[in-house]
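Inside the fold
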Amino acid sequence: MSTGEGAGPALLASGDVSAAGGSGVQGASRRPVRSWLRFFRSELRLVFGRKRNMILLVVTALFPLLIGIALRVAAPHSGNGGGGGNGPVGSFFNQLAGNGVFLAFIALSSLLILVLPVVVAVVAGDSVAGEAGSGTLRYLLAVPAGRSRLLAVKLAVIATFGLCATFVVSAVALVVGAVLFPIGPVTLLSGDTVPLADGLLRLFFVTLYVTAAMAALGAVGLAISTLTEHPIGAIAAVMILVVASEVVDSVPQLAAVGPYLPTHWWLGFDSLLRAPVDSYTLLHGLLSFGVYLVLFGSFAWARFTSADVTS
């Protein structure tokens, strides 16, 4: 009897240990994911909590409003909606008077020249250089987070901020366009007319395309940010690269170099506004963004994980 009484607690203890062991394995498998998410949320709060970054988002949101008002005022004096010119941007202006949805395409095309790159450059250039310059990077690395994870989280936050800025532009422009201009079926650049719902879906994919372009630029800014402790220098370097790329891309004699420049495919989203979709341009643009993301992300990882960035 004593044996039976002893066996019962022993078996119960064994079962408890097995259960605890099973839950421990599951807990261990979940722990890295939770740790990544906590780290990501912490970085998000840091980036979106800075007044400078929030002011950038507000200013970015004001541009579509100002563009819409200016074009509404100019529309009665111009038969083509207050715009024109060659290329997709000129076509967007021509379509705006008949459909306010095109204000979103005009805003994205216009802000891609300078404003959206500045927004991404500020966040990306400050990501590592700002931490190193202020001395907080060494405390981040003192936590068992790992340099690779820290860099990956910072890149994810940069991409998230770029996503937010791009969607703010599209959303504000869409609302302003609906208020100031007629809304209805969308006439594509190829001349085909699609229902409004189809046009809004295409706008959604255009916004994602621009977000991918800004994520690639964010990887470039992150890589430059690992080279210095001065965030202003990193931000300036990113913007110099953007402006130089746009200038070179506009020179006909250098057309052979154009497809390899970081800004060349930024306006390739007009391929989504044709029927059928110009998949050649679209895929080349996404491939270019992916290559820049991988190359400069790898460079940032190689630099950040091997160099002394905390001194």
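Residues numbered from 1 in each chain as written. Predicted model: local features only at pLDDT ≥ 70, side-chain atom pairs only at ≥ 80, totals over all residues. Heavy atoms only, no water.

We now examine the pattern of salt bridges. Inspection of the entire model under this criterion finds five salt bridges. A salt bridge links D270 to R274, with the shortest nitrogen-to-oxygen separation between them at 3.0 Å. Here the salt bridges do not stand alone but share partners, grouping R50, R52 and D126 into one network. (Salt bridge = Lys/Arg side-chain N within 4 Å of Asp/Glu carboxyl O.)

Let us look at the nonpolar core. Grouped together as the largest cluster of nonpolar side chains are 70 residues, with contacts concentrated most on F92, F105, L116, M214 and W266. Other than its neighbours up to four places away in sequence, M214 contacts L112, L116, P117, V120, T166 and W266. (Core = buried A, V, L, I, M, F, W, Y, C linked by side-chain atoms within 4.5 Å. Buried < 20%, exposed > 50% of the residue type's maximum accessible area, 1.4 Å probe, protein only. Contact = heavy atoms within 4.5 Å.)

Predicted confidence across the protein chain gives a mean pLDDT of 83, with 77% of residues reaching 70 or more. Averaged over each element, pLDDT in the protein chain is lowest for helix α6 (residues 137-142) (56) and highest for helix α8 (residues 196-225) (96). Ignoring residues within four places in sequence, the model shows residues 79-84, a span with pLDDT below 50, making 15 contacts including any to other chains. (pLDDT = per-residue confidence, 0-100. Helix = DSSP H or I, 4+ residues; strand = E, 2+ residues; numbered from the N terminus.)

Evaluation of the coordinates by the stated rule reveals six aromatic pairs. Ring geometry for Y209 and F289: centres 5.2 Å apart, planes at 65°, overall edge-to-face. On the criterion of sequence distance, the pair formed by Y209 in helix α8 and F289 in helix α10 (residues 279-306) is long-range, its members being 80 residues apart. The burial state of Y209 is the same as that of F289; both residues are buried. In this structure an aromatic cluster arises from ring pairing among F167, F204 and F205. (Phe/Tyr/Trp six-rings, centres within 6.5 Å; stacked < 30°, edge-to-face > 60°.)

On to a positive patch on the surface, then. On the surface, R34, R38, R41 and R45 cluster together to form a positively charged patch. As for its position among the elements, R41 is in helix α1 (residues 2-48). Judged by its relative accessible area of 42%, R41 falls in the partly exposed class. (Patch = residues over 30% accessible without salt bridge, like charges linked within 9 Å, V, L, I, M, F, W, Y side chains within 5 Å. Areas by Shrake-Rupley, 256 points an atom, 1.4 Å probe, with all protein chains shown as cover. Lys, Arg positive; Asp, Glu negative; His and termini not counted. Charge placed at Lys NZ, Arg CZ, Asp CG, Glu CD.)

With that settled, the discussion passes to the environment of G98. In this structure, G98 sits in the loop between α3 (87-96) and α4 (102-111). Owing to a relative accessible area of 52%, G98 belongs among the exposed residues under this scheme. Distance from G98 to V186, taken between C-alpha atoms, is 8.9 Å for residues 88 residues apart in sequence.

Taken N-terminus to C-terminus, the directions of α4 and helix α7 (residues 147-180) make an angle of 140°; their axes are 8 Å apart at the nearest point. In terms of their interaxial angle, α4 and α7 are classed as oblique. Handedness of the α4/α7 crossing: right-handed. Every residue of α7 that contacts α4 at L103, A104, A107, L108 and L111 is listed here: T166, V169, S170, A173, L174, V176 and G177. Of the residues belonging to the contact of α4 with α7, the class tally is nine nonpolar, three polar and no charged. (Axes fitted to C-alpha atoms, helices over the stretch in contact; angles between N-to-C directions. Parallel < 35°, antiparallel > 145°, perpendicular 65-115°, else oblique. Left-handed = near helix turned anticlockwise from the far one by under 90°. Nonpolar A, V, L, I, M, F, W, Y, C, P; charged D, E, K, R; others polar.)

For the pair α4 and α8, interaxial distance at closest approach is 11 Å and the crossing angle is 10°. Between α4 and α8, the interaxial angle falls into the category roughly parallel. Packed against α4, whose contacting residues are A104, F105 and L108, the element α8 presents L203, V206 and T207 at the interface. Partitioned by chemical class, the residues of the contact of α4 with α8 number five nonpolar, one polar and no charged.

The end-to-end C-alpha separation of helix α2 (residues 51-74) is 35 Å, in line with the 34 Å expected for 24 residues at 1.5 Å each. For α2, every residue scored as buried is listed here: N53, L56, L57, T60, A61, P64, I67, G68 and L71. (Expected span 1.5 Å × (residues − 1).)

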